[in-house]
Amino acid sequence: MLVTLALVAQAHAVPAPDCSGNFAVADAVPGPGAPEVPFDARPAITFDGDECRGGLSWTPTLRRTDDETEVPLEATTDLAGTHLLELFPVGALDPDTAYTVSLTPIDSGEVVEFGFTTGLGEVAGLAGEPQLTVDSVSFAKRTGITLTWTAKGATDPDGLSILQIQDASAERPIHSFVVPGTGSMEQTVVWTYTDRPAEVCPQVRQLDGTGLATEWTEPTCAKVGGCSTTGESRAGVGIVAMAMLLARRRSPR
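In this report, the structure presented in the accompanying data block is examined.

What counts and what doesn't
- Residues numbered from 1 in each chain as written.
- Predicted model: local features only at pLDDT ≥ 70, side-chain atom pairs only at ≥ 80, totals over all residues.
- Heavy atoms only, no water.
- Core = buried A, V, L, I, M, F, W, Y, C linked by side-chain atoms within 4.5 Å.
- Buried < 20%, exposed > 50% of the residue type's maximum accessible area, 1.4 Å probe, protein only.
- Helix = DSSP H or I, 4+ residues; strand = E, 2+ residues; numbered from the N terminus.
- Salt bridge = Lys/Arg side-chain N within 4 Å of Asp/Glu carboxyl O.

**Some remarks on the nonpolar core**
I45, F47, L62, L85, L103 and F116 are the most contacted members of the largest nonpolar core, which has 32 residues in total. Counting 20 residues, the second-largest nonpolar core is a separate cluster that includes F139, A151, L163 and W191.

Structure representation (structure tokens):
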């Protein structure tokens, strides 16, 4: 059985990391049923998952909804490193056309789909400077560092932005989030550390509707001194996005 979320692309396997657990689909842009999507936009899907815990491989496809014609595309594959899957069509999509994106687990699990309709315009891009605030940092031997933060994104008239956050003080996975259409966003990320670090130094960047990324902001460092600590700082970052619905069905075996 299939599930529907709403996009479609040419089959492209996303390798699974060598560790246990699953990456679950968290959000996507364009949002399900989105109208007037720029025809040069690239669909993007964010995933939940701690560090390298990603036991699923996905085959994404992008197709025209009316005649099921698949669109050739290139796709990012490093889910463990970025928690993000971007689907880059080979050439612009057709204007004023409905498309469907499908994510099919290679081994087992649910197929996820979502759809959108293109408009007549192109991606406008980002404007302004986003800001990052570190709200709290805590450490536990079992889970590592838990970082809570708030960000205000750059203006994105397309509503197709992805915000990414990383720790500049260590080589840890990047986490990716769909940027809300208005207001700020508050999120929590977990990074695995064997021992308590002296500090963490998160920094962010924003990706527009074509996948073009801003520079990483200057690190916003916060000391990790007992079980928990708080810190605050601002940096230019990027956020903007759209929420989406997920409909799931079981895939055929």
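Continuing now.
**As for the environment of L87**
In this fold, L87 is placed in strand β6 (residues 84–89). Between the C-alpha atoms of L87 and P43, which are 44 residues apart in sequence, the distance is 5.4 Å.

**A few points about the pattern of salt bridges**
Tallied over the full model, the rule gives six salt bridges. The partner of R63 in a salt bridge is E68, and the shortest N-O contact between them spans 2.9 Å. On the basis of relative accessible area, R63 is assigned to the buried category, the value being 13%. Here R63 and E113 are joined by a salt bridge, their closest N and O atoms 3.5 Å apart. Residue R63 is found in strand β4 (residues 58–64), and its partner E113 is found in strand β8 (residues 110–118); the two are separated by 50 residues along the sequence. The class for E113 is buried, based on a relative accessible area of 5%. Taken together, the salt bridges that share partners define one network made up of R64, D66, D67 and D94.

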